[in-house]
Amino acid sequence: MVFAVEFWGVRGSIACPSPRHVVYGGNTSCLEVTAGDHQIILDAGTGIRDLGESLLKRDVRHAHLLLTHVHWDHINGFPFFGPAYAGNRTFEIRAAHLAPLGGVREVLAGQMGQPTFPVPLETMRSKLVFEDFMAGDTFFLGPDVRVRTVGLNHPNGATGYRLECSGKSLCYVTDTEHLPGKPDQKILGLIEGADLVIYDCTYTDDEFVSKVGWGHSTWQEAVRLCRAGNVRQLAIFHHDPAHEDPFMADVERQARAMWEGAFVAREGMRIQLA
Ligand SMILES: [Zn+2]
Ligand SMILES: [Zn+2]
C-alpha cells in the first residue's frame, strides 16, 4: 500500500510569491498524503489551490482535510479549493478545539462571509462533512489509517497529527512553541519512532530569543526532538517569509551538519514512506 506525502505549501505566516522564494516555494501550509486509496490533505493554506487543480485532473472524488488550526496561513486557500465547487465529490473536514467557537464549519464559513469574500461556503456544491474533535483523540480514516493527535503550544491552540499506515508513520507538528531546555513531552510521545516528522521551524535558535510568545519553534529544537524520539527523518517546515532562498540553503547545510536525517521541505517535494 502506498504511503507518501507531497508538499504543496511550506511557508508560514503569509504567502510570498517572489523571485527570492522560488527554490523553496512561497505558498503557505498544505500537504497531500496518499495512504492506499485515501487522500488526506493537511491544512488549507494557499498551496491547496494548486493541489485542487491536481485533484480535479486526477478526478479524485473523496478526500479528508485535517486542519492543525485556523490561523490564516492554514485556511486562506480553502475558498480557492476548486474541487469543493465541482460537485460529485465528498470532503471530510476535521479540526480540534473549535467547538466553543461554533465548530469548524462556522469558522470556515466566516472566512468566506461578506464583506471580506464574495462567495459563501454554501456555493460549494460538493458534499462537505464537518467534524469537530478534541486534541488528544485518536481516530481512523477508513480501516487503514490511524490518526493520533495532541494539542500544541500555540496562540488560539493547534493540533499535532501522527498518521500511521502500512507500518510506517508520519507526524505533522505545526504550529508550536517550545520551552528552551525542556523538550515537549506531548510531542515526544507523538513522534516516538516516526519515519518522518514535519515540524514548525519558523525560526533559528538565535532568532527565537526575540520571538518568545509568538507560538513557533526552531530547526535546532526540531533536530533535538527528532534525535530524542528516534525519528528517521525531519522535514524543516513552516518557513518564515523573511527567510529567502539563500538563507534556507544555509539552514539546510547547518541542519544536515547537525543531523543527517534533516532536510528542508520544498514546494513540489514528494516523500514516499511505503
Ligand atoms: Zn502557521
Ligand atoms: Zn498559527
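Residues numbered from 1 in each chain as written. Chains lettered and ligands numbered in written order. Predicted model: local features only at pLDDT ≥ 70, side-chain atom pairs only at ≥ 80, totals over all residues. Heavy atoms only, no water.

Right, let's talk about the coordination of the zinc ion (ligand 2) for a bit. Protein coordination at the zinc ion (ligand 2) comes from H69 (NE2), H71 (ND1), H154 (NE2) and D175 (OD), with a distance range of 2.1 to 2.7 Å. Around the zinc ion (ligand 2), the four donor atoms sit at angles spanning 90 to 170°, and that spread fits a shape best called irregular. Counting along the primary sequence, the residues that act as donors to the zinc ion (ligand 2) give the motif H-x1-H-x82-H-x20-D. The metal-metal distance between the zinc ion (ligand 2) and the zinc ion (ligand 1) is 3.6 Å, with D175 coordinating both. Of this pair, H154 sits in the loop between β8 (145-152) and β9 (158-165) while D175 sits in the loop between β10 (168-173) and α5 (185-191), and the two are 21 residues apart along the sequence. (Donors = N, O, S within 2.8 Å, 3.2 Å for Na, K, Ca; no water. Tetrahedral: all angles 85-135°; square planar, octahedral: opposite > 155°, others 65-115°. Helix = DSSP H or I, 4+ residues; strand = E, 2+ residues; numbered from the N terminus.)

Turning to the packing of helix α7 (residues 219-228) against helix α8 (residues 245-258), a few remarks are in order. Taken N-terminus to C-terminus, the directions of α7 and α8 make an angle of 25°; their axes are 11 Å apart at the nearest point. The angle between the axes of α7 and α8 places the two elements in the roughly parallel class. Between α7 and α8 the crossing geometry is right-handed. Seen from α7, the contacting residues are W219, Q220, V223, R224 and R227; seen from α8, they are V251, Q254, A255 and M258. Of the residues that constitute the contact of α7 with α8, the class distribution is five nonpolar, two polar and two charged. (Axes fitted to C-alpha atoms, helices over the stretch in contact; angles between N-to-C directions. Parallel < 35°, antiparallel > 145°, perpendicular 65-115°, else oblique. Left-handed = near helix turned anticlockwise from the far one by under 90°. Contact = heavy atoms within 4.5 Å. Nonpolar A, V, L, I, M, F, W, Y, C, P; charged D, E, K, R; others polar.)

For the zinc ion (ligand 1), the full set of protein donor atoms is D73 (OD), H74 (NE2), D175 (OD) and H238 (NE2), and the range of their distances to it is 2.1 Å. Ordering the donors of the zinc ion (ligand 1) by residue number gives the pattern D-H-x100-D-x62-H.

Residues of helix α4 (residues 104-111) that are buried include every one of V104, V107, L108, A109 and Q111, and no others. Next to the buried residues of α4 lie α2 (72-75), β5 (90-96) and β6 (127-133). (Buried < 20%, exposed > 50% of the residue type's maximum accessible area, 1.4 Å probe, protein only.)

Turning to α8, a few remarks are in order. Taking 1.5 Å of rise per residue, 14 residues should cover 20 Å, and α8 covers 20 Å from first to last C-alpha, within 8% of that figure. Turning to α8, its buried residues number three or more, namely D245, M248, V251, E252 and A255. Down the axis of α8, the sector holding all buried residues measures 115°, keeping them to one side. Among the exposed residues of α8, those oriented more than 90 degrees off its buried face are P246, R253 and A257. In this fold, the buried residues of α8 make contact with α7, β12 (233-237) and β13 (262-264). (Expected span 1.5 Å × (residues − 1). Arc of directions from axis to C-beta.)

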